[in-house]
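Take a look at the letters that make up each chain.
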Amino acid sequence: MKKKRARAAKPGPWWKEGVIYQVYPRSFRDSNGDGVGDIPGVIEKLDYLADLGVDGIWLSPINTSPMFDFGYDVSDYRAIDPVFGTLKDFDRLVKEAHRRRIRIVMDLVMNHTSHLHPWFVESRSSKQSPKRDWYIWRDAVKGKEPNNWMAYFGGRAWEWDDATGQYYLHSFLKEQPDLNWRNPAMKKAAFAEIRFWLDRGVDGFRLDVVNFFVKDDRFRSNPFAVGRYPRPYDLQRHMYDRDRPELKSLLCEWRALLDGYRDRMMVGEIVAESPDPALAASYLGDGTDGLHLSFDFSFMNRDWDAGLFRERLKAYHDRIPGKGWPCTVFSNHDQVRSMSRYAKRGDAEKRARIVALLLLTMRGTPFVYYGEEIGMSNGRIRRSEIQDPVGKKYWPFNSGRDGERTPMQWTAAGGAGFTAGRPWLPMGDTCRDVNVEAQRADPGSLLSWYRELIALRRKSAALLRGIVFFLESGRDVLAYLREEGDERLLVALNFSSSARPFIPALGKPAAALLSTHRSKGELLDGTMRPYEASVFSLG
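Predicted model only: the values in this text are computed from it and were never measured.

## Focus on the state of the cysteines
Scanning the model with the defined rule gives 0 disulfides in all. We note that Cys-327 lacks a disulfide partner, and the nearest cysteine sulfur, in Cys-252, lies 19 Å from it. The exposure class of Cys-327 is buried, given its relative accessible area of 4%.

See the structure below:
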């Protein structure tokens, strides 16, 4: 009897099946020699990104800003900050990227604005201002702050305004006043700003700190909690200043707005004191009425342990709603690079290859952070060189986020091919040996490994849209199946520097498709070699 052919799913939208590459514009490529990366610099490198095989670029903030938090304090949502270029430059970026079938995702910072944004300038001008309620203002309570809420970057979350005799809320810096998403007029104006970019061809948005958008309408104080010192923010359980249930209806409106355009998406940053896969997944709603994607940061502070990785992956994927879609990320502009996080003496690149294969074969949308594909590690920043407000405030307990934001390493030459001037942050220590030029033509390089993985992913329905099933795989081995239609793949990763036994009961021989250790077609023989990362076809 002929076996019935498995039914394959239809191809999904680009944001489900594509690879998204995060560009931190200040550090990607400086086209004019001022030491700061810019939009023309990104355009220069589009062919590199197309050759790598990415489907979308997420740009960290490029809107006009006084840069108290390097763009996460927007003073004009419809303009490009001059340090990055012009609106004309941005339009050219969209056009050139689309010509190469690369989508553009903008960072959208809408929990707060800059204190110099015209909305806030008007809001603080008078208690009678029509925009007063566009931000969150409160009277003093017994001569003190309205409640005990703390700012994420330190100090109280309330700032006194002498001119109008009230406090305003800022969840981050005092130069970043929080918007009031409960105000219909403000929401209408904010949605108009979003449409401005959608109408210009932007393909999606990364929503900064989206779980902060709605606050408790009774402004209750947060209960105390045991947390990390020295930051007082961590000594509260944040019940009332974020993750409010009322946010669900707001995200439904966001989703309807974006779904009113063709092939648009939004991915949300979900802030938590420790990784919380359930919380991240909850912001997807039922998969049709919340975020399109939400970041789970479980691996930003995970130990190098196959069992822990499996546990976290399964916890996240088990909570994804039936119509929802996961995403995977190991590095970004706020967290230590994976190359540094998982480094172990001479094993750093071997581990980086495992991370790459996991990132690009796991079910969901992979996000690659600039330089991750060549093995960039965190740069060393002296105290006198710190730019990040977090590092300036909390050094030496927390040196800030500058280390993961050092300029892209294009060549071994002076300025590493990033700039002809003095870079805004010092170049990384590894730029002489770890750079695009040194790896581009080397078939054994980490860059070539990324290209091969992305190419394999692109032509595999199982990797693009298939189900995932985690296997019991013994000590130090992480293994899972990816299946779609008649295509069945086995992914096996040995986290150890020693060989490990691995004999999965799959009923069919496993032939290597892509491997750090095996030639194509070589069968799995019951042993995973040290730091082996392989994709096998189950014929």
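## Description of the packing of aromatic side chains
For the structure on display, the rule yields 43 aromatic pairs. On the numbers, 5.0 Å between centres and 70 degrees between planes, the contact of Phe-120 with Tyr-168 is edge-to-face. Linking Phe-120 in helix 5 (residues 118–123) with Tyr-168 in strand 8 (residues 166–169), this pair joins segments that are 48 residues apart in sequence. Tyr-168 shares its class with Phe-120; the two are buried. Members of the aromatic cluster, connected to one another through ring pairs, are Tyr-21, Phe-28, Tyr-48, Tyr-369, Tyr-370 and Trp-410. The aromatic ring of Trp-134 is capped on one face by Lys-131, whose charged end is 4.8 Å from the ring centroid.

## Quick word on helix 9 (residues 306–318)
Look at helix 9: 18 Å from first C-alpha to last across 13 residues, which is about the 18 Å you get at 1.5 Å a residue. Buried residues along helix 9 sit in contact with helix 8 (277–282), strand 11 (293–294), strand 12 (327–329), helix 11 (348–361), strand 14 (467–470) and strand 15 (477–484). Its side-chain oxygen placed 2.8 Å from the backbone nitrogen of Gly-307, Asp-305 serves as the N-cap of helix 9.

## With respect to the packing of helix 11 against helix 14 (residues 446–459)
Closest axis-to-axis distance for the helix 11/helix 14 pair is 10 Å, and the angle between their directions is 15 degrees. The angle between the axes of helix 11 and helix 14 places the two elements in the roughly parallel class. Between helix 11 and helix 14 lies a crossing whose hand is right-handed. Residues Glu-349, Ala-352, Arg-353, Ala-356, Leu-357 and Leu-360 of helix 11 form the contact with helix 14, whose participating residues are Leu-446, Trp-449, Tyr-450, Leu-453, Ile-454 and Arg-457. Of the residues belonging to the contact of helix 11 with helix 14, the class tally is 9 nonpolar, no polar and 3 charged.

## Topic: the sheet that holds strand 18 (residues 510–515)
With antiparallel pairing, the 5 strands of this open sheet are ordered in space as 14-15-16-20-18. One side of each edge strand has no neighbouring strand; the edge strands of this open sheet are strand 14 and strand 18. Put simply, the sheet's adjacent strands are angled 25 degrees from each other on average, direction ignored. Sheet analysis places strand 16 (residues 487–494) next to strand 20 (residues 533–538), joined by 5 bridges and oriented antiparallel. Each bridged residue has a counterpart across the sheet, and for Val-491 the counterpart in strand 20 is Val-535.

Quick notes on the rules
- Residues numbered from 1 in each chain as written.
- Predicted model: local features only at pLDDT ≥ 70, side-chain atom pairs only at ≥ 80, totals over all residues.
- Heavy atoms only, no water.
- Disulfide = S-S within 2.5 Å.
- Buried < 20%, exposed > 50% of the residue type's maximum accessible area, 1.4 Å probe, protein only.
- Phe/Tyr/Trp six-rings, centres within 6.5 Å; stacked < 30°, edge-to-face > 60°.
- Helix = DSSP H or I, 4+ residues; strand = E, 2+ residues; numbered from the N terminus.
- Lys NZ or Arg CZ within 6 Å of the ring centre and 35° of its normal.
- Expected span 1.5 Å × (residues − 1).
- Contact = heavy atoms within 4.5 Å.
- Polar contact = N/O pair within 3.5 Å; in protein donor to acceptor, adjacent residues only side chain to side chain.
- Axes fitted to C-alpha atoms, helices over the stretch in contact; angles between N-to-C directions.
- Parallel < 35°, antiparallel > 145°, perpendicular 65-115°, else oblique.
- Left-handed = near helix turned anticlockwise from the far one by under 90°.
- Nonpolar A, V, L, I, M, F, W, Y, C, P; charged D, E, K, R; others polar.
- Pairing = 2+ DSSP bridges.

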